[in-house]
Amino acid sequence: MAYHHYTLILLLAVQLENGHATGSRCKIRKFPHGFMFGTATSSYQIEGAWNVDGKTENIWDRLTHTRQYLVRDQSSGDTTDNSYYLYKRDVEMLRELGVDFYRFSISWTRILPTSFPDKINKAGVAYYNNLINELLKHNIKPVVTIFHWDLPQKLQDLGGWANPYIVDWYADYARTLFKLFGDRVKYWVTINEPHQVCYFAYGDKILAPALDIKGVAEYLCAKNVLLAHATAYHIYDKEFRPKQKGIVFISLSAQWYEPLYKNQSKAAFDANQFEWEQYSHPIFSKTGDFPPAMKKRIAERSAEQGFPRSRLPEFTPQEIQFIRGSSDFFGLNHYLTNYVSRNKSVYGYYESPSFNDDLGVFFHVLPEWTIGQSNFTKFVPWGFYKLLTYIRKEYGNPTVFITENGFSTYGGRIDNDRVLYYTEYLSAMLDAMEEGSDVQAYTAWSLMDNFEWTYGYTEKFGVYEVDFSTPERKRTPRKSAYVLREIFQTHLLNRCYIPDMKVPMAIT
Ligand code: NOJ
């Protein structure tokens, strides 16, 4: 795939600007029969109602209420999209788009106010029952994420993902959900983006609980997250799958790391190993366990630093077997690509010990990769193609469920940059599929603007715009919503399609 990035972007920008385009880019491409499309959200990012009907405090409530300085606009998810009350409108939007499924998450403390299954909150159960039933009534499959970052504060006080007992606490919570909703929910995502949970929240202060205990906490977390995920998988397999016949998988966030120069392939290899294969290798490889390159490097660095043992904890042989194969699909969240390099000056550049010091690479982006105002997401469709191709070759062509892909802007309904991003990324995905990658579903992040974690409401990912200044939280479709609707409903990708936004979005 030899794209000339800058030229391509300029060309596409001109084409979109002129409202027409020519050449092979306009050739219509088909998605295979049975391919599924959907959009996604998560509980803390959209629900609001943070303290009503028995819900108790989670780590995002605590962070936004006590450490506002960590959030770019000092905002919170206290009300956000108010979907706890407006879920019917959300389902209406999903019907307008013509999705096959909706990926949303369940708030742990809304269901289990004590964090444990000794008490089940009826109002919380009713909310998710209503949402699930409303979706099914309209033929939309619920794809439910069990854990999307809103850990009960009480469990955090006990150490959260750094405490090995969390394996049981999480498993009890997962079992509760399988019991309550598994008669109707057939797709379960155990944990969303483990690397982000562990690295950004335990090894840094970019996500709650913002512990920032570098080079130690993120690795304790990694081991426990993998064991918790596998425990939930095996519980489903033994206790629920025979009757419920569903699918259980994990969502890994994988960006693509490409060598800056030809002789930098080891640096790029290491970046991929550390950043996401830390989680895919234990689950999807033939041998299981953390990637060998990572184990070796962290053990060596730990010894040099005077630690009596590696800061990366070990798995027992039984645990390795228990985790290996514990995901029916490869759930993939993908947003961006980085070039990577390494030279001597990297040693000593990052704080030590730390994940970045262990990995020891520099990251680079090209200025022309950025489209639109926001620097948050980069436009590198060939990186998506390369990532999918690598997964196919490295992991024996697992079934891939794209659980997130999307683009952020600073607002505006004519979101040509987002349209360009979606259509080119879908096309890159089709390139990989035509060469054999078994991708069966694609999820656009996000259905609507929402609370973007420590970016607050400054970064907007929605295909529906939300007016946060009024209590109604009015949702209005952007141009990208019209374009996705066309793709979802026809199962065709026409990168030159220009919607007529004067025609209101309606359920067809
Ligand atoms: C990753 C997360 O799963 C989601 O919560 C977040 O909003 C998006 N990607 C965009 O950053």
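Residues numbered from 1 in each chain as written. Predicted model: local features only at pLDDT ≥ 70, side-chain atom pairs only at ≥ 80, totals over all residues. Heavy atoms only, no water.

Asks: How should unusual backbone geometry be read in this particular structure?
Replies: Backbone phi values are negative for most residues with the exception of glycine, while trans is the configuration of most peptide bonds. The linkage connecting Ser352 with the following residue, Pro353, adopts the cis geometry, with an omega of 0 degrees. Residue placement: Pro353 occurs in the loop between strand S9 (337–341) and helix H14 (355–359). Cis geometry marks the peptide bond from Trp445 to Ser446; its omega dihedral reads 15 degrees. Note on placement: Ser446 falls in the loop between strand S12 (439–445) and strand S13 (464–466). At Ala49, a residue that is not glycine, the phi angle is positive and equals roughly 45 degrees. Residue class for Ala49 comes out buried when judged on its relative accessible area of 7%. One non-glycine residue, Gln74, lies in positive phi territory at about 55 degrees. By secondary structure assignment, the location of Gln74 is in the loop between helix H3 (59–66) and helix H4 (83–97). (Helix = DSSP H or I, 4+ residues; strand = E, 2+ residues; numbered from the N terminus. Buried < 20%, exposed > 50% of the residue type's maximum accessible area, 1.4 Å probe, protein only.)

Asks: Just to check I follow, could you spell out the packing of aromatic side chains for this structure?
Replies: Given two aromatic rings, one states the distance between the centres and the angle between the planes to describe the pair. The tally for this structure, following the rule as stated, stands at 60 aromatic pairs. Centroid distance Tyr165 to Trp169: 6.5 Å. Interplanar angle 25 degrees. Geometry classified as stacked. With a relative accessible area of 57%, Tyr165 lands in the exposed category. Ring geometry for Phe290 against Phe315: centres 4.8 Å apart, planes inclined by 35 degrees, an arrangement best described as tilted. Note that Phe290 is positioned in the loop between helix H11 (265–284) and helix H12 (292–304) and Phe315 in the loop between H12 and helix H13 (317–323), a separation of 25 residues in sequence. (Phe/Tyr/Trp six-rings, centres within 6.5 Å; stacked < 30°, edge-to-face > 60°.)

So, to be careful, I would describe these as geometric facts and stop short of saying anything about function.
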